[in-house]
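# Examination of the molecular architecture
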Amino acid sequence: MTLPLEHLAAPAPDGSFSGIWPITARRVDGELTIGGVTASDLVAQFGSPLYVIDEADMRARAGAWKAAIDESFGELAGGEVYYAGKAFLSVAVARWMGELGLCIDTCSEGELRTALAAGVPGAKIGLHGNNKSRAEIELALEAGVGHVVVDSLAELALVEAVAGERNQTAPIVLRVTTGIHAGGHEYISTAHEDQKFGLSISTGGALRAAEEALAAPHLELVGLHSHIGSQILTLDAFTEAAKAILDLRAQIAATYDVAVPEIDFGGGYAIRYTVLDDVPPSAVTYAAALAGAVTTHVTETGLAAPKVSIEPGRSIAGPAGITIYTVGTIKSVELDDGSRRYVSVDGGMSDNVRPALYGADYTATLASREPLDENVRSRVVGKHCESGDIVVKDVALTASLGPGDLLAVPATGAYGRSMGSNYNMLPRPAVVAVKDGNARVLIRRERVDDLLALDADA
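In this report, we go over the structure that sits alongside the text. Keep in mind the model is a prediction, meaning the values are calculated, not measured.

### A few points about the packing of helix α4 (residues 109-117) against helix α5 (residues 134-143)
The interhelical angle for the contact between α4 and α5, taken along N-to-C directions, is 20 degrees, at an axis separation of 10 Å. By the angle between their directions, the pair α4 and α5 is classed as roughly parallel. Here the hand of the crossing between α4 and α5 comes out left-handed. Here α4 contributes E109, L112, R113 and L116 to the contact with α5, which in turn contributes E136, L139, A140 and A143. Considered class by class, the residues forming the contact of α4 with α5 number five nonpolar, no polar and three charged.

Encoded structure:
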């Protein structure tokens, strides 16, 4: 018998996805299946822990964003969706995004070369980062990227110098700090003044950078960029930040008689990690709010509408991915308000550092069979030598859970593999894509031999 997974919600007509599991997730005869492949078959073939990407889900989310931007900005100056590769990037994923008409936002040589290896045209790639190396800037110019996002006056001078040496004109976008504070944790709120990113609007740094960019012989100021944080649920934060950056565009036009042609509103669009989380706005709702801000700007200033871009990453990759673990040791601890069962799995903070880094909440379910008996208060922990090595802080799991059972943690498609490490010399898990009953490796599992190969004395 096939049943929807607990709390699963299919995509709504407006492009929203309110569930925490991938859209193909089901229980078939009690066992979790993704893309028509059972959890036990995936582990038998590819090992555990294992990252699993629902290709249909990821494509659907990317397509929903593309459709929302096309619809909202089609009558203005158009728009682009840059998939934020930092969430999770592989050659196959970059290729999927390209096939759907998305661009790729990269933040390093590795991400840039991955996008290029997928056949993404340079003009459909952006290069981000607050401390780009000369080699990264040279590669971006050689590849003909659509733009380089400049993060400081020092970097502005560096890009000008590199472009001048190559006798090229570098298309640049200035990342500005709007002062709008948003995001779930201090470390993922990126538009307040006291942090490393961007050129401040309030102190005049952004306007000065625009002046220097316009005067530089080897730079072309093609856009302004704002990114206010991550995991943002409120539309107000986006619309306030949009107004701030559009006001800067108007100020540049009034001061230098130049209408900056593009505005990048960044990313940060939220997803659900547990059923207790609020349902985020849909792609359509986000896009409509941004389009409203642009329309007001055009009406009030008389300037031509800018081309608009956004950078969703987590909202495309996050819910499309799950991580499957194998249960090992189990113990119970007596507390003042009862007991808690500690369930150890064969991964941990090396494959998902977000709970340790941000205190991020996740949930889990028994994946290898149906949980039929009563649930027990549990904490899922990893195998690393850290007391903060927590996979799921609090979750109710079946009392009969035992060694060898498989657990699945949803919403790990973003920032799991991409922030993974080899802590305690654990090789990183494989990443597998599933679709229509088939599974294939996107990134192979690391082996201890891979780690020793880097050791000069091995």
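### Side note on helix α7 (residues 205-215)
Every buried residue of α7 is listed here: G205, A206, L207, A209, A210 and A213. The inward-facing, buried residues of α7 abut α6 (153-165), β10 (170-177), β11 (199-200), β12 (219-225) and α8 (235-256).

### Examining the side chain of H297
If you trace the backbone, H297 turns up in helix α9 (residues 283-301). Residue classification places H297 among the buried positions, given a relative accessible area of 5%. Apart from the residues lying within four places of it in its own chain, the contact partners of H297 are L246, R249, A250, G302, L303 and P306.

### Section: the side chain of E80
Take E80: it is sitting in strand β6 (residues 79-84). There is a polar contact of 3.4 Å between the side chain of E80 and the side chain of K307. Setting aside residues no more than four positions away along its own chain, E80 makes contact with I69, G101, C103, K124, K307, V308, S309 and I310.

### Description of the pattern of salt bridges
Throughout the structure, instances matching the rule amount to 17 salt bridges. Between K435 and E55 there is a salt bridge, and its shortest N-O distance comes to 3.9 Å. With K435 in strand β21 (residues 430-435) and E55 in helix α2 (residues 55-73), this residue pair connects regions lying 380 residues apart in the sequence. Residue classification places K435 among the partly exposed residues on the basis of a relative accessible area of 34%. Overlapping salt bridges bring together E55, R59, E99 and K435 as one network.

Reading guide: rules and limits
Residues numbered from 1 in each chain as written. Predicted model: local features only at pLDDT ≥ 70, side-chain atom pairs only at ≥ 80, totals over all residues. Heavy atoms only, no water. Axes fitted to C-alpha atoms, helices over the stretch in contact; angles between N-to-C directions. Helix = DSSP H or I, 4+ residues; strand = E, 2+ residues; numbered from the N terminus. Parallel < 35°, antiparallel > 145°, perpendicular 65-115°, else oblique. Left-handed = near helix turned anticlockwise from the far one by under 90°. Contact = heavy atoms within 4.5 Å. Nonpolar A, V, L, I, M, F, W, Y, C, P; charged D, E, K, R; others polar. Buried < 20%, exposed > 50% of the residue type's maximum accessible area, 1.4 Å probe, protein only. Polar contact = N/O pair within 3.5 Å; in protein donor to acceptor, adjacent residues only side chain to side chain. Salt bridge = Lys/Arg side-chain N within 4 Å of Asp/Glu carboxyl O.

Note that all results are geometric; they support no functional claim without further evidence.
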